[in-house]
Amino acid sequence: MDAEALLPLAPQLHWLSLLERELFLFAAFWLVLGALDELAVDLAWLWLRATGRIPTRRADPPPPRLSGHTAVFVAAWDEAAILATTLTQVSLAWPQPELRLFVGVYRNDPATFAAACRGAAHDPRIRIVVHDRPGPTTKADCLNGLYRALEREETRHGLVFRTVILQDAEDMVHPAAIGVIDHAIGTTAMVQLPVRPALAGGTRFVSGHYADEFAESHTKGLVVRDALGLDLPAAGVGCAVERGMLRLLVAAGSEGPFAADSLTEDYELGFRIRRMGGGSRFLRLRDRNGELIATTSYFPNEIGPAARQKARWIHGIAFQGWDRLGWAGSWANRWMMLRDRRGPMAALVLGTAYLLLAIEAVLLLRGTPHADNSAMAPWLWSFATFLMLSVLWRSAWRAAFVAREYGWSEAGFAVLRIPVANVIGIMAGWRALAAYCGNLRGAALRWDKTTHAAHPAAGVRLGSPT
(Lines give C-alpha, C1' and ligand atoms only; values in the text may rest on other atoms or scores of the structure.)
Protein backbone atom coordinates (compact mmCIF):
# COMPACT_ATOMS: atom_id res chain seq x y z
CA MET A 1 0.00 0.00 0.00
CA ASP A 2 1.47 3.40 -1.03
CA ALA A 3 2.15 6.01 1.61
CA GLU A 4 0.18 8.59 -0.41
CA ALA A 5 -2.89 6.42 -0.26
CA LEU A 6 -2.81 6.54 3.53
CA LEU A 7 -2.90 10.35 3.71
CA PRO A 8 -6.71 10.65 3.57
CA LEU A 9 -7.06 8.17 6.43
CA ALA A 10 -7.45 9.30 9.99
CA PRO A 11 -4.10 8.84 11.80
CA GLN A 12 -5.56 6.28 14.22
CA LEU A 13 -6.69 4.11 11.28
CA HIS A 14 -3.36 4.03 9.43
CA TRP A 15 -2.11 1.03 11.36
CA LEU A 16 -5.49 -0.70 11.15
CA SER A 17 -5.55 -0.53 7.35
CA LEU A 18 -2.00 -1.86 7.15
CA LEU A 19 -2.81 -4.62 9.62
CA GLU A 20 -5.86 -5.59 7.58
CA ARG A 21 -3.77 -6.24 4.48
CA GLU A 22 -1.11 -8.25 6.32
CA LEU A 23 -3.67 -10.37 8.13
CA PHE A 24 -5.45 -11.06 4.85
CA LEU A 25 -2.26 -12.27 3.19
CA PHE A 26 -1.41 -14.50 6.14
CA ALA A 27 -4.89 -15.96 6.55
CA ALA A 28 -5.52 -16.32 2.82
CA PHE A 29 -2.27 -18.22 2.23
CA TRP A 30 -2.99 -20.80 4.92
CA LEU A 31 -6.69 -21.05 4.15
CA VAL A 32 -5.92 -21.72 0.49
CA LEU A 33 -3.37 -24.34 1.49
CA GLY A 34 -5.90 -25.99 3.79
CA ALA A 35 -8.55 -25.91 1.08
CA LEU A 36 -6.18 -27.64 -1.36
CA ASP A 37 -5.43 -30.25 1.29
CA GLU A 38 -9.13 -31.01 1.74
CA LEU A 39 -9.68 -30.99 -2.01
CA ALA A 40 -7.01 -33.68 -2.42
CA VAL A 41 -8.85 -35.94 0.04
CA ASP A 42 -12.15 -35.20 -1.70
CA LEU A 43 -10.72 -36.23 -5.06
CA ALA A 44 -9.17 -39.36 -3.56
CA TRP A 45 -12.55 -40.34 -2.11
CA LEU A 46 -14.32 -39.72 -5.42
CA TRP A 47 -11.73 -41.78 -7.29
CA LEU A 48 -11.95 -44.67 -4.82
CA ARG A 49 -15.73 -44.52 -4.93
CA ALA A 50 -15.80 -44.48 -8.73
CA THR A 51 -13.42 -47.46 -8.96
CA GLY A 52 -15.46 -49.53 -6.50
CA ARG A 53 -12.80 -49.68 -3.81
CA ILE A 54 -15.07 -48.33 -1.08
CA PRO A 55 -18.43 -50.00 -1.65
CA THR A 56 -21.26 -49.81 0.87
CA ARG A 57 -21.49 -53.24 2.46
CA ARG A 58 -24.13 -54.93 4.59
CA ALA A 59 -23.24 -56.94 7.68
CA ASP A 60 -24.60 -60.33 8.64
CA PRO A 61 -26.84 -60.60 11.71
CA PRO A 62 -24.87 -60.97 14.95
CA PRO A 63 -23.80 -64.56 15.66
CA PRO A 64 -25.11 -66.41 18.74
CA ARG A 65 -21.55 -67.50 19.59
CA LEU A 66 -18.20 -65.81 19.09
CA SER A 67 -15.03 -67.34 17.63
CA GLY A 68 -13.22 -66.92 20.94
CA HIS A 69 -13.31 -65.19 24.30
CA THR A 70 -13.80 -61.45 23.93
CA ALA A 71 -13.26 -58.75 26.54
CA VAL A 72 -14.83 -55.29 26.59
CA PHE A 73 -12.87 -52.62 28.49
CA VAL A 74 -14.80 -49.68 29.96
CA ALA A 75 -12.81 -47.12 31.96
CA ALA A 76 -15.00 -44.94 34.18
CA TRP A 77 -14.40 -41.89 36.32
CA ASP A 78 -17.29 -39.76 37.60
CA GLU A 79 -19.83 -41.61 35.46
CA ALA A 80 -22.48 -42.39 38.07
CA ALA A 81 -25.25 -40.82 35.97
CA ILE A 82 -24.97 -43.12 32.97
CA LEU A 83 -22.72 -46.12 33.70
CA ALA A 84 -25.51 -48.49 34.80
CA THR A 85 -27.44 -47.75 31.61
CA THR A 86 -24.34 -48.36 29.51
CA LEU A 87 -23.64 -51.74 31.09
CA THR A 88 -27.26 -52.81 30.73
CA GLN A 89 -27.34 -51.80 27.07
CA VAL A 90 -24.06 -53.56 26.23
CA SER A 91 -25.17 -56.71 28.09
CA LEU A 92 -28.42 -56.93 26.15
CA ALA A 93 -26.99 -55.91 22.77
CA TRP A 94 -24.12 -58.41 23.04
CA PRO A 95 -25.50 -61.52 24.82
CA GLN A 96 -22.84 -63.94 23.58
CA PRO A 97 -21.54 -66.15 26.44
CA GLU A 98 -17.89 -65.71 25.35
CA LEU A 99 -18.06 -62.03 26.25
CA ARG A 100 -16.67 -60.48 29.44
CA LEU A 101 -17.07 -56.81 30.43
CA PHE A 102 -14.25 -55.33 32.51
CA VAL A 103 -15.32 -52.06 34.14
CA GLY A 104 -12.60 -49.91 35.69
CA VAL A 105 -13.58 -47.62 38.59
CA TYR A 106 -11.59 -45.75 41.23
CA ARG A 107 -11.57 -46.29 44.97
CA ASN A 108 -12.24 -42.59 45.60
CA ASP A 109 -15.31 -42.55 43.32
CA PRO A 110 -17.96 -44.50 45.28
CA ALA A 111 -20.88 -43.17 43.24
CA THR A 112 -19.49 -44.62 40.00
CA PHE A 113 -18.70 -47.89 41.81
CA ALA A 114 -22.31 -48.09 42.98
CA ALA A 115 -23.56 -47.44 39.44
CA ALA A 116 -21.29 -50.20 38.14
CA CYS A 117 -22.74 -52.58 40.72
CA ARG A 118 -26.27 -51.73 39.62
CA GLY A 119 -25.39 -52.32 35.98
CA ALA A 120 -23.67 -55.62 36.77
CA ALA A 121 -26.36 -56.96 39.08
CA HIS A 122 -28.02 -59.20 36.48
CA ASP A 123 -25.04 -60.16 34.30
CA PRO A 124 -22.38 -62.52 35.67
CA ARG A 125 -20.14 -61.68 32.70
CA ILE A 126 -19.34 -58.23 34.15
CA ARG A 127 -16.16 -57.76 36.19
CA ILE A 128 -15.81 -54.60 38.27
CA VAL A 129 -12.16 -53.66 38.70
CA VAL A 130 -11.28 -51.11 41.38
CA HIS A 131 -8.14 -49.27 40.34
CA ASP A 132 -5.25 -49.38 42.79
CA ARG A 133 -4.62 -45.63 42.48
CA PRO A 134 -6.91 -42.74 43.41
CA GLY A 135 -8.49 -41.05 40.44
CA PRO A 136 -8.51 -39.47 38.13
CA THR A 137 -5.23 -40.63 36.66
CA THR A 138 -5.36 -40.97 32.89
CA LYS A 139 -7.76 -43.10 30.90
CA ALA A 140 -4.83 -45.17 29.63
CA ASP A 141 -3.71 -45.86 33.20
CA CYS A 142 -7.19 -47.14 34.03
CA LEU A 143 -7.19 -49.30 30.88
CA ASN A 144 -3.85 -50.80 31.90
CA GLY A 145 -5.46 -51.77 35.20
CA LEU A 146 -8.20 -53.53 33.24
CA TYR A 147 -5.56 -55.33 31.19
CA ARG A 148 -3.97 -56.66 34.38
CA ALA A 149 -7.41 -57.84 35.50
CA LEU A 150 -7.82 -59.63 32.17
CA GLU A 151 -4.51 -61.43 32.74
CA ARG A 152 -5.71 -62.54 36.16
CA GLU A 153 -8.96 -63.77 34.62
CA GLU A 154 -7.02 -65.83 32.10
CA THR A 155 -4.83 -67.35 34.81
CA ARG A 156 -7.71 -68.04 37.18
CA HIS A 157 -9.93 -69.76 34.62
CA GLY A 158 -7.31 -71.22 32.30
CA LEU A 159 -8.52 -69.42 29.20
CA VAL A 160 -7.06 -67.08 26.60
CA PHE A 161 -8.94 -64.08 25.26
CA ARG A 162 -8.96 -63.56 21.52
CA THR A 163 -10.15 -59.96 21.29
CA VAL A 164 -10.28 -56.82 23.43
CA ILE A 165 -12.86 -54.13 22.57
CA LEU A 166 -12.56 -50.57 23.86
CA GLN A 167 -15.70 -48.63 24.73
CA ASP A 168 -16.42 -45.54 26.81
CA ALA A 169 -18.74 -45.29 29.76
CA GLU A 170 -21.29 -43.23 27.77
CA ASP A 171 -21.49 -45.44 24.67
CA MET A 172 -24.41 -47.22 23.09
CA VAL A 173 -23.17 -50.14 21.01
CA HIS A 174 -24.78 -51.59 17.91
CA PRO A 175 -25.90 -55.24 18.25
CA ALA A 176 -24.31 -56.18 14.90
CA ALA A 177 -20.95 -54.63 15.80
CA ILE A 178 -19.80 -57.65 17.79
CA GLY A 179 -20.19 -59.91 14.76
CA VAL A 180 -18.31 -57.50 12.49
CA ILE A 181 -15.45 -57.31 14.98
CA ASP A 182 -15.38 -61.06 15.61
CA HIS A 183 -15.13 -61.80 11.90
CA ALA A 184 -12.54 -59.12 11.10
CA ILE A 185 -10.16 -59.65 14.01
CA GLY A 186 -9.10 -62.97 12.52
CA THR A 187 -7.56 -61.15 9.55
CA THR A 188 -6.15 -57.99 11.14
CA ALA A 189 -4.73 -56.85 14.47
CA MET A 190 -6.99 -53.83 14.96
CA VAL A 191 -10.51 -52.94 13.86
CA GLN A 192 -12.10 -49.52 14.12
CA LEU A 193 -15.83 -48.96 13.60
CA PRO A 194 -17.40 -45.53 12.99
CA VAL A 195 -18.57 -43.16 15.72
CA ARG A 196 -22.04 -41.67 15.30
CA PRO A 197 -22.78 -38.75 17.66
CA ALA A 198 -26.37 -38.62 18.84
CA LEU A 199 -28.23 -35.36 18.36
CA ALA A 200 -29.33 -33.93 21.69
CA GLY A 201 -32.63 -32.11 21.61
CA GLY A 202 -32.42 -28.37 22.13
CA THR A 203 -28.63 -28.21 21.73
CA ARG A 204 -28.38 -28.47 17.98
CA PHE A 205 -25.65 -25.88 17.38
CA VAL A 206 -23.03 -27.23 19.80
CA SER A 207 -23.54 -30.96 20.14
CA GLY A 208 -24.63 -31.08 16.51
CA HIS A 209 -21.27 -29.92 15.18
CA TYR A 210 -19.80 -33.22 16.39
CA ALA A 211 -22.30 -35.03 14.19
CA ASP A 212 -21.17 -32.92 11.24
CA GLU A 213 -17.47 -33.58 11.78
CA PHE A 214 -17.77 -37.31 12.45
CA ALA A 215 -20.21 -37.79 9.57
CA GLU A 216 -17.59 -36.38 7.22
CA SER A 217 -14.39 -37.78 8.73
CA HIS A 218 -15.80 -41.29 9.29
CA THR A 219 -17.33 -41.39 5.83
CA LYS A 220 -14.45 -39.85 3.90
CA GLY A 221 -11.19 -39.28 5.77
CA LEU A 222 -10.74 -42.63 7.53
CA VAL A 223 -12.28 -44.49 4.59
CA VAL A 224 -9.61 -43.01 2.29
CA ARG A 225 -6.84 -43.92 4.74
CA ASP A 226 -8.10 -47.48 5.01
CA ALA A 227 -8.52 -47.93 1.24
CA LEU A 228 -4.99 -46.64 0.59
CA GLY A 229 -3.48 -48.87 3.28
CA LEU A 230 -2.28 -45.96 5.43
CA ASP A 231 -1.83 -45.85 9.20
CA LEU A 232 -5.13 -45.67 11.06
CA PRO A 233 -5.61 -43.93 14.40
CA ALA A 234 -7.95 -45.63 16.83
CA ALA A 235 -10.91 -43.66 18.15
CA GLY A 236 -10.95 -45.33 21.57
CA VAL A 237 -14.54 -46.55 21.15
CA GLY A 238 -15.78 -49.19 18.77
CA CYS A 239 -12.16 -50.25 18.57
CA ALA A 240 -11.00 -53.87 18.85
CA VAL A 241 -7.48 -55.22 19.19
CA GLU A 242 -6.24 -58.78 18.81
CA ARG A 243 -5.10 -60.18 22.16
CA GLY A 244 -1.67 -61.24 20.91
CA MET A 245 -0.94 -57.71 19.71
CA LEU A 246 -1.65 -56.34 23.18
CA ARG A 247 0.84 -58.86 24.54
CA LEU A 248 3.45 -57.59 22.10
CA LEU A 249 2.79 -54.00 23.15
CA VAL A 250 3.38 -54.94 26.77
CA ALA A 251 6.59 -56.77 25.86
CA ALA A 252 7.83 -53.58 24.18
CA GLY A 253 8.62 -52.27 27.63
CA SER A 254 5.64 -50.32 28.99
CA GLU A 255 3.63 -51.04 32.14
CA GLY A 256 0.71 -52.00 29.95
CA PRO A 257 -0.45 -51.96 26.32
CA PHE A 258 -1.80 -48.40 26.64
CA ALA A 259 0.41 -45.32 26.92
CA ALA A 260 -0.39 -44.06 30.42
CA ASP A 261 1.52 -40.81 29.85
CA SER A 262 -0.61 -39.86 26.84
CA LEU A 263 -3.90 -37.97 26.74
CA THR A 264 -4.87 -39.72 23.50
CA GLU A 265 -3.66 -43.27 24.04
CA ASP A 266 -6.34 -44.47 21.63
CA TYR A 267 -4.96 -42.36 18.78
CA GLU A 268 -1.43 -43.61 19.43
CA LEU A 269 -2.57 -47.23 19.65
CA GLY A 270 -3.26 -47.52 15.94
CA PHE A 271 0.16 -46.15 14.99
CA ARG A 272 2.00 -48.36 17.51
CA ILE A 273 0.24 -51.45 16.18
CA ARG A 274 1.19 -50.65 12.59
CA ARG A 275 4.80 -49.99 13.57
CA MET A 276 4.94 -53.41 15.20
CA GLY A 277 3.78 -55.07 11.99
CA GLY A 278 0.08 -55.42 12.78
CA GLY A 279 -2.63 -54.64 10.28
CA SER A 280 -5.57 -52.33 10.91
CA ARG A 281 -8.93 -51.78 9.25
CA PHE A 282 -11.64 -49.13 9.36
CA LEU A 283 -14.91 -50.94 8.65
CA ARG A 284 -17.96 -48.98 7.62
CA LEU A 285 -20.96 -51.27 7.20
CA ARG A 286 -24.73 -51.10 7.55
CA ASP A 287 -27.12 -53.55 9.11
CA ARG A 288 -30.03 -55.19 7.31
CA ASN A 289 -32.19 -52.14 8.04
CA GLY A 290 -29.68 -49.77 6.48
CA GLU A 291 -28.50 -48.31 9.80
CA LEU A 292 -24.81 -47.56 10.22
CA ILE A 293 -23.04 -50.03 12.48
CA ALA A 294 -21.37 -47.58 14.81
CA THR A 295 -20.89 -46.53 18.41
CA THR A 296 -23.44 -43.90 19.41
CA SER A 297 -23.02 -41.39 22.22
CA TYR A 298 -23.88 -37.87 23.29
CA PHE A 299 -21.24 -35.17 23.05
CA PRO A 300 -21.00 -31.87 24.98
CA ASN A 301 -23.88 -29.48 24.34
CA GLU A 302 -22.22 -26.31 25.67
CA ILE A 303 -19.31 -24.40 24.18
CA GLY A 304 -17.11 -24.55 27.30
CA PRO A 305 -17.15 -28.36 27.75
CA ALA A 306 -16.85 -28.85 23.99
CA ALA A 307 -13.75 -26.65 23.84
CA ARG A 308 -12.28 -28.47 26.84
CA GLN A 309 -12.84 -31.87 25.24
CA LYS A 310 -11.36 -30.82 21.91
CA ALA A 311 -8.43 -29.19 23.69
CA ARG A 312 -7.58 -32.59 25.15
CA TRP A 313 -7.70 -34.13 21.69
CA ILE A 314 -5.49 -31.41 20.19
CA HIS A 315 -3.07 -31.60 23.11
CA GLY A 316 -2.71 -35.35 22.75
CA ILE A 317 -2.73 -35.65 18.97
CA ALA A 318 -0.92 -32.50 17.83
CA PHE A 319 1.54 -31.71 20.62
CA GLN A 320 2.11 -35.07 22.31
CA GLY A 321 1.78 -36.89 18.98
CA TRP A 322 4.61 -34.83 17.51
CA ASP A 323 6.78 -35.56 20.56
CA ARG A 324 5.93 -39.24 20.96
CA LEU A 325 5.31 -40.51 17.42
CA GLY A 326 7.44 -38.14 15.38
CA TRP A 327 7.14 -38.28 11.61
CA ALA A 328 7.52 -41.73 10.14
CA GLY A 329 6.36 -43.76 7.17
CA SER A 330 5.63 -42.88 3.58
CA TRP A 331 4.92 -39.38 2.34
CA ALA A 332 1.21 -40.23 2.33
CA ASN A 333 1.36 -41.29 5.98
CA ARG A 334 3.19 -38.12 6.90
CA TRP A 335 0.59 -36.11 5.05
CA MET A 336 -2.16 -37.74 7.11
CA MET A 337 -0.23 -37.16 10.33
CA LEU A 338 0.11 -33.51 9.36
CA ARG A 339 -3.65 -33.34 8.83
CA ASP A 340 -4.19 -34.89 12.26
CA ARG A 341 -1.92 -32.29 13.88
CA ARG A 342 -3.25 -29.17 12.22
CA GLY A 343 -5.44 -28.19 15.19
CA PRO A 344 -3.12 -25.52 16.67
CA MET A 345 -2.39 -23.98 13.27
CA ALA A 346 -6.05 -24.08 12.35
CA ALA A 347 -6.88 -22.21 15.57
CA LEU A 348 -4.33 -19.52 14.71
CA VAL A 349 -5.48 -19.12 11.10
CA LEU A 350 -9.19 -19.13 11.92
CA GLY A 351 -8.61 -16.69 14.74
CA THR A 352 -6.76 -14.43 12.32
CA ALA A 353 -9.59 -14.69 9.79
CA TYR A 354 -12.23 -13.68 12.32
CA LEU A 355 -10.05 -10.81 13.54
CA LEU A 356 -9.73 -9.73 9.92
CA LEU A 357 -13.52 -9.67 9.58
CA ALA A 358 -13.79 -7.49 12.68
CA ILE A 359 -11.20 -5.05 11.34
CA GLU A 360 -12.95 -4.93 7.98
CA ALA A 361 -16.22 -4.12 9.72
CA VAL A 362 -14.58 -1.27 11.62
CA LEU A 363 -13.06 0.18 8.46
CA LEU A 364 -16.33 -0.04 6.57
CA LEU A 365 -18.26 1.59 9.39
CA ARG A 366 -15.75 4.43 9.47
CA GLY A 367 -15.98 4.82 5.71
CA THR A 368 -12.25 4.24 5.29
CA PRO A 369 -11.21 4.07 1.62
CA HIS A 370 -9.09 1.14 0.53
CA ALA A 371 -5.97 1.94 -1.40
CA ASP A 372 -5.65 0.23 -4.74
CA ASN A 373 -2.39 -1.59 -5.29
CA SER A 374 -2.48 -2.70 -8.90
CA ALA A 375 0.43 -5.11 -8.43
CA MET A 376 -1.37 -7.03 -5.69
CA ALA A 377 -5.03 -6.60 -6.57
CA PRO A 378 -5.22 -9.58 -9.00
CA TRP A 379 -3.63 -11.89 -6.43
CA LEU A 380 -5.91 -10.67 -3.69
CA TRP A 381 -8.93 -11.12 -5.92
CA SER A 382 -7.82 -14.62 -6.91
CA PHE A 383 -7.32 -15.62 -3.29
CA ALA A 384 -10.69 -14.21 -2.25
CA THR A 385 -12.51 -15.89 -5.15
CA PHE A 386 -10.90 -19.26 -4.49
CA LEU A 387 -11.73 -19.06 -0.78
CA MET A 388 -15.37 -18.21 -1.47
CA LEU A 389 -15.66 -21.15 -3.86
CA SER A 390 -13.90 -23.35 -1.30
CA VAL A 391 -16.42 -22.41 1.40
CA LEU A 392 -19.28 -23.36 -0.91
CA TRP A 393 -17.56 -26.64 -1.87
CA ARG A 394 -16.85 -27.59 1.74
CA SER A 395 -20.38 -26.69 2.82
CA ALA A 396 -21.85 -28.87 0.09
CA TRP A 397 -19.71 -31.85 1.07
CA ARG A 398 -20.54 -31.52 4.74
CA ALA A 399 -24.25 -31.14 4.04
CA ALA A 400 -24.22 -34.23 1.84
CA PHE A 401 -22.51 -36.44 4.44
CA VAL A 402 -24.76 -35.19 7.24
CA ALA A 403 -27.85 -35.74 5.10
CA ARG A 404 -26.79 -39.33 4.51
CA GLU A 405 -26.73 -40.11 8.23
CA TYR A 406 -29.19 -37.66 9.78
CA GLY A 407 -31.48 -36.54 6.95
CA TRP A 408 -31.69 -33.45 4.76
CA SER A 409 -33.40 -31.43 7.47
CA GLU A 410 -30.23 -31.67 9.53
CA ALA A 411 -27.97 -30.94 6.56
CA GLY A 412 -29.04 -27.30 6.49
CA PHE A 413 -28.11 -26.91 10.14
CA ALA A 414 -24.73 -28.50 9.39
CA VAL A 415 -23.86 -25.52 7.17
CA LEU A 416 -25.04 -23.05 9.80
CA ARG A 417 -22.94 -24.84 12.43
CA ILE A 418 -19.64 -24.31 10.61
CA PRO A 419 -18.93 -20.96 12.38
CA VAL A 420 -19.76 -22.60 15.73
CA ALA A 421 -17.27 -25.38 15.00
CA ASN A 422 -14.67 -22.77 14.07
CA VAL A 423 -15.12 -20.84 17.32
CA ILE A 424 -14.86 -24.04 19.37
CA GLY A 425 -11.75 -25.02 17.41
CA ILE A 426 -10.11 -21.65 18.11
CA MET A 427 -10.84 -21.91 21.84
CA ALA A 428 -9.63 -25.51 21.97
CA GLY A 429 -6.39 -24.76 20.11
CA TRP A 430 -5.32 -22.04 22.52
CA ARG A 431 -6.39 -24.09 25.55
CA ALA A 432 -4.37 -27.06 24.26
CA LEU A 433 -1.29 -24.89 23.81
CA ALA A 434 -1.60 -23.59 27.37
CA ALA A 435 -1.99 -27.13 28.73
CA TYR A 436 0.99 -28.40 26.76
CA CYS A 437 3.16 -25.54 28.02
CA GLY A 438 2.03 -26.43 31.53
CA ASN A 439 3.11 -30.03 31.05
CA LEU A 440 6.49 -28.87 29.79
CA ARG A 441 6.84 -26.97 33.06
CA GLY A 442 6.10 -30.14 35.04
CA ALA A 443 2.33 -30.14 35.50
CA ALA A 444 0.92 -33.68 35.82
CA LEU A 445 -1.37 -35.16 33.19
CA ARG A 446 -4.96 -35.52 34.37
CA TRP A 447 -8.05 -37.14 32.94
CA ASP A 448 -9.83 -33.92 31.98
CA LYS A 449 -12.91 -35.84 30.97
CA THR A 450 -16.32 -34.77 29.79
CA THR A 451 -19.28 -34.92 32.14
CA HIS A 452 -22.18 -37.05 30.87
CA ALA A 453 -25.70 -36.61 32.19
CA ALA A 454 -27.70 -38.52 29.55
CA HIS A 455 -27.40 -41.73 27.58
CA PRO A 456 -28.58 -42.28 23.98
CA ALA A 457 -30.23 -45.55 25.04
CA ALA A 458 -32.87 -43.59 26.97
CA GLY A 459 -36.10 -44.12 25.09
CA VAL A 460 -34.60 -46.95 23.02
CA ARG A 461 -35.67 -50.54 23.51
CA LEU A 462 -32.40 -51.90 24.84
CA GLY A 463 -30.92 -54.79 22.98
CA SER A 464 -33.50 -54.66 20.22
CA PRO A 465 -32.42 -56.58 17.13
CA THR A 466 -31.53 -54.69 13.97
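Quick caveat, the model's predicted, so the values are computed rather than measured. (Residues numbered from 1 in each chain as written. Predicted model: local features only at pLDDT ≥ 70, side-chain atom pairs only at ≥ 80, totals over all residues. Heavy atoms only, no water.)

So, on to the overall build of the protein. The secondary structure content of the protein amounts to 15 helices and 11 strands. Against the globule reference of 23 Å for 466 residues, the protein gives a C-alpha radius of gyration of 24 Å, in line with a compact fold. Oriented by its inertia axes, the alpha-carbon framework of the protein measures out at about 85 × 50 × 45 Å. Considering the protein as a whole, with its 466 residues, one finds that 53% of them fall into the buried category. (Helix = DSSP H or I, 4+ residues; strand = E, 2+ residues; numbered from the N terminus. Rg over C-alpha atoms; globule rule 2.2 N^0.38 Å. Buried < 20%, exposed > 50% of the residue type's maximum accessible area, 1.4 Å probe, protein only.)

Looking at the element boundaries, Asp141 is found in helix α5 (residues 139-157). Take Asp141: its relative accessible area is 1%, and that puts it in the buried class. Ignoring any residue separated from it by four or fewer positions in sequence, one finds Asp141 in contact with His131, Arg133, Glu255 and Ala260. (Contact = heavy atoms within 4.5 Å.)

This paragraph deals with the nonpolar core. With 48 residues, the main nonpolar core has Phe73, Phe102, Leu166, Val241, Phe258 and Ile273 as its most contacted residues. Once you skip the residues sitting within four places of it in the chain, Ile273 turns out to touch Ala189, Met190, Val241, Met245, Leu249, Gly278 and Gly279. Membership of the second largest hydrophobic core comes to 35 residues, among which are Trp94, Ile165, Ala169 and Ile293. (Core = buried A, V, L, I, M, F, W, Y, C linked by side-chain atoms within 4.5 Å.)

This next bit is on the environment of Glu213. Position of Glu213 among the secondary structure elements: in helix α7 (residues 207-227). Measuring from C-alpha to C-alpha, the distance between Glu213 and Ala311 comes to 16 Å, with 98 residues separating the pair along the chain.

What follows deals with a nonpolar patch on the surface. Taken together, Phe29, Trp30, Leu33, Met345, Leu348, Trp430 and Leu433 make up a surface patch of nonpolar side chains, about 610 Å² in accessible area. Of all the secondary structure elements, the ones that give two or more residues to the nonpolar patch are α2 (11-50), α12 (343-365) and α15 (418-440). Tallying contributions element by element places α2 first for the nonpolar patch, with 3 residues. If you trace the backbone, Leu33 turns up in helix α2. (Patch = residues over 30% accessible without salt bridge, like charges linked within 9 Å, V, L, I, M, F, W, Y side chains within 5 Å. Areas by Shrake-Rupley, 256 points an atom, 1.4 Å probe, with all protein chains shown as cover. Salt bridge = Lys/Arg side-chain N within 4 Å of Asp/Glu carboxyl O.)

Here 7 strands make up an open sheet; going across it, the order is β4-β3-β2-β5-β8-β6-β9 and the pairing mixed. Looking along the sheet, the strands with just one partner apiece sit at the ends: β4 (126-131) and β9 (280-282). Each strand of the sheet is rotated relative to its neighbour by a mean of 20 degrees, with strand direction disregarded. Inspection of the sheet shows strand β6 (residues 190-192) paired to β9 by 3 bridges, in the parallel sense. When the sheet's bridge partners are listed, Val191 is paired in β9 with Arg281. (Pairing = 2+ DSSP bridges. Axes fitted to C-alpha atoms, helices over the stretch in contact; angles between N-to-C directions.)

Our focus in this paragraph is empty space enclosed by the protein. Tallying each qualifying case throughout the model produces 1 cavity of 30 Å³ or more. Reported here for the largest cavity is a volume of approximately 50 Å³. Taken together, the elements giving at least two residues each to the lining of the largest cavity come down to β7 (195-197), α7 and α13 (377-406). For the lining of the largest cavity, the leading source of residues is α7, giving 5 residues. Grouping the amino acids of the lining of the largest cavity by side-chain chemistry returns 8 nonpolar, 2 polar and 3 charged. (1 Å grid on protein atoms, 1.4 Å probe; cavity = no way out; pocket = protein on both sides within 12 Å on 5 of 7 lines; lining within 4 Å. Points joined across faces, edges and corners; volume = space filled by probe spheres on them. Nonpolar A, V, L, I, M, F, W, Y, C, P; charged D, E, K, R; others polar.)

Turning our attention to helix α6 (residues 177-184). In an α-helix, one turn spans 3.6 residues, which is why side chains three or four residues apart end up on the same side. By the criterion of burial, α6 is predominantly enclosed, with 7 of the 8 residues buried. Residues Ala177, Ile178, Gly179, Val180, Ile181, Asp182 and Ala184 constitute the buried set of α6. Looking at the packing, one finds that the buried side of α6 touches β2 (69-75), β3 (99-106), β5 (161-168), β6, β8 (239-242) and β10 (285-286).

Scanning all chains against the criterion turns up 30 salt bridges. Across the pair Arg394 and Asp42 runs a salt bridge whose closest N-O atoms are separated by 2.8 Å. Of this pair, Arg394 sits in helix α13 while Asp42 sits in helix α2, and the two are 352 residues apart along the sequence. Asp42 shares its class with Arg394; the two are buried.

Bringing the pairing of β8 into the picture now. Where β5 meets β8, 4 bridges bridge the pair, whose relative direction is antiparallel. Along β8, the bridge assignment pairs Val164 with Val241. Direction of pairing for β6 relative to β8: antiparallel, over a ladder of 3 bridges. Of the residues in β8, the one forming a bridge with Gln192 is Cys239.

Turning our eyes to something else, we now look at the side chain of Glu410. Its place among the elements puts Glu410 in helix α14 (residues 408-416). A residue is classified by how much of its surface remains accessible, and Glu410, at 3% relative accessible area, is buried. Residues within four places of Glu410 in sequence aside, it is in contact with Leu199, Arg204, Val402 and Arg417.

Okay, unusual backbone geometry next. A cis amide bond links Gly135 to the next residue, Pro136, at an omega of -5 degrees. Position of Pro136 relative to the elements: it lies in the loop between β4 and α5. Positive phi is not limited to glycine here, since Asp78 has a value of about 55 degrees. With respect to the helices and strands, Asp78 occurs in the loop between β2 and α3 (83-93). Residue Asp78 is classed as partly exposed on the basis of its relative accessible area of 41%.

Averaged over the protein, the pLDDT score is 89; the fraction of residues at 70 or greater is 92%. Across residues 1-7, where pLDDT falls below 50, the model places 10 contacts with residues more than four positions away in sequence or in other chains. Note that residues 460-466 has pLDDT below 50 and, in this model, 13 contacts with residues that lie over four places away or in other chains. (pLDDT = per-residue confidence, 0-100.)

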